[in-house]
Amino acid sequence: MARWQPGATQRLVVAAVDLFTEQGYDATTVAQIAERAGVTKSTFFRHFSDKRELLVAGQETLSRLLAEGISEAPADASPLEAVAAGLERASGEMGPANRELGPRLKAAVAASTELQERDALKSVGLAAAMTDALIERGVADPLAHLAAELGVLAFKRGYARWSENPDDDTGLAPHALAALAELRDATTSLG
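Quick caveat, the model's predicted, so the values are computed rather than measured.

S.K.: Could you clarify how one ought to interpret the overall build of the chain in this entry?
M.R.: Within the chain, the regular secondary structure consists of nine helices and zero strands. Secondary structure elements in the chain, listed N-terminal to C-terminal, are α-α-α-α-α-α-α-α-α. Relative to the globule expectation of 16 Å for 191 residues, the C-alpha radius of gyration of the chain, 18 Å, shows essentially globular dimensions. Seen through its C-alpha atoms, the chain measures out along the principal axes to roughly 55 × 30 × 30 Å. In the chain, which comprises 191 residues, the proportion classed as buried is 43%. Contacts in the chain between residues at least 24 apart in sequence constitute 66% of all its contacts with a sequence separation of at least 6. As displayed, the chain has an accessible area near 9,900 Å², and 55% of this comes from carbon and sulfur atoms.

S.K.: Would you take a moment to explain the packing of aromatic side chains for this structure?
M.R.: Where two aromatic rings form a pair, the distance of their centres and the angle of their planes describe that pair. Summed over all chains, the structure comprises five aromatic pairs. Measuring from ring centre to ring centre gives 5.8 Å for Phe 44 and Phe 48, while their planes differ by 45°; the resulting arrangement is tilted. The residues Phe 44 and Phe 48 share a single accessibility class, namely buried. Relative to Tyr 159, the ring of Phe 155 lies with its centre 6.2 Å away and its plane at 15°, an arrangement referred to as stacked. Here Tyr 159 and Phe 155 lie together in helix H8 (residues 141-163), a separation of four residues that amounts to about one turn. Judged by its relative accessible area of 9%, Phe 155 falls in the buried class. An aromatic cluster is built from Phe 44, Phe 45 and Phe 48, whose rings are joined through pairwise contacts. Over the ring of Tyr 25 we find Lys 51; its NZ or CZ atom is 4.3 Å from the centre of that ring.

S.K.: Is there a simple way to explain helix H4 (residues 59-71) in this structure?
M.R.: Look at H4: 18 Å from first C-alpha to last across 13 residues, which is about the 18 Å you get at 1.5 Å a residue. Within H4 the residues assigned to the buried category are Gln 59, Leu 62, Ser 63, Leu 65, Leu 66, Ala 67, Gly 69 and Ile 70. Tucked inside the fold, the buried residues of H4 contact helix H5 (79-91), helix H7 (113-136) and H8.

S.K.: It is not clear to me how the packing of H5 against helix H9 (residues 172-187) should be interpreted in this structure. Could you clarify?
M.R.: Relative placement of two packed helices is described by the angle separating their axes and the distance separating the axes. Between H5 and H9, the least distance of the axes is 8 Å, while the angle of their chain directions is 155°. Between H5 and H9, the interaxial angle falls into the category roughly antiparallel. Between H5 and H9 the crossing geometry is right-handed. Of the residues in H9, those touching H5 at Leu 80, Val 83, Ala 84, Leu 87, Glu 88 and Ser 91 are Leu 172, Ala 173, Ala 176, Leu 177, Leu 180 and Arg 184. Taken together, the residues of the contact of H5 with H9 sort by class into nine nonpolar, one polar and two charged.

S.K.: Please clarify how the environment of Ser 42 should be interpreted in this entry.
M.R.: With respect to the helices and strands, the residue Ser 42 is situated in helix H3 (residues 41-47). Spatially, the C-alpha atom of Ser 42 lies 28 Å from that of Ala 107, the residues being 65 residues apart in sequence.

S.K.: Explain the nonpolar core here, please?
M.R.: Formed by 35 residues in total, the largest nonpolar core has its most connected members in Leu 66, Ile 70, Val 83, Leu 87, Met 130, Leu 134 and Leu 180. Broken down by secondary-structure element, the contributors of at least two residues to this core are H4, H5, H7, H8 and H9. When residues in this core are grouped by element, the largest group, nine residues, is from H8. Once residues within four sequence positions are removed from consideration, Ile 70 is found in contact with Ala 82, Val 83, Gly 86, Met 130, Ala 133, Leu 134 and Arg 137. Core analysis: the next-biggest nonpolar cluster, separate from the first, contains 22 residues, Val 17, Ala 37, Val 39 and Phe 48 among them.

Definitions and limits used
- Residues numbered from 1 in each chain as written.
- Predicted model: local features only at pLDDT ≥ 70, side-chain atom pairs only at ≥ 80, totals over all residues.
- Heavy atoms only, no water.
- Helix = DSSP H or I, 4+ residues; strand = E, 2+ residues; numbered from the N terminus.
- Rg over C-alpha atoms; globule rule 2.2 N^0.38 Å.
- Buried < 20%, exposed > 50% of the residue type's maximum accessible area, 1.4 Å probe, protein only.
- Contact = heavy atoms within 4.5 Å.
- Areas by Shrake-Rupley, 256 points an atom, 1.4 Å probe, with all protein chains shown as cover.
- Phe/Tyr/Trp six-rings, centres within 6.5 Å; stacked < 30°, edge-to-face > 60°.
- Lys NZ or Arg CZ within 6 Å of the ring centre and 35° of its normal.
- Expected span 1.5 Å × (residues − 1).
- Axes fitted to C-alpha atoms, helices over the stretch in contact; angles between N-to-C directions.
- Parallel < 35°, antiparallel > 145°, perpendicular 65-115°, else oblique.
- Left-handed = near helix turned anticlockwise from the far one by under 90°.
- Nonpolar A, V, L, I, M, F, W, Y, C, P; charged D, E, K, R; others polar.
- Core = buried A, V, L, I, M, F, W, Y, C linked by side-chain atoms within 4.5 Å.

Put into structure tokens, the structure is as follows:
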């Protein structure tokens, strides 16, 4: 088996999602994931502490990109405009591999309570990164939390639309921004 080949992390994620889809999360072992990815079991553990962590591969990078986009938004941007800048920044880094993996990952998560819990924690982490970036811009705490949560929902909705439409070549950003606009409009109905 190959060791330290470029792209090992991505190969491990793809192998895991494929196996989770084929045989279920509980029936999939770390050894099977490593074998499918063409790496050793010890290489797996250099990248991930356990198989649940495969679900959040890239979360740190995604959180950083969202926060950077928010931080770099114009000084006069509203909280949601800053979130939109974060969504654009993060969306620009999502390529065909991310898109292709989306529906399979969604199915794997839907079939496993443990993965659903880990996915929920991922959302919390993304919201926290955006909240912190908004607070650093001077946005009041409750408003920063609300804008960040809307940002997470917009990202998830946009990603779902983007990944479910392989013939749409517009990229993720327009879908995430459209979802954010829909959510912003929906808040006016809250009363």
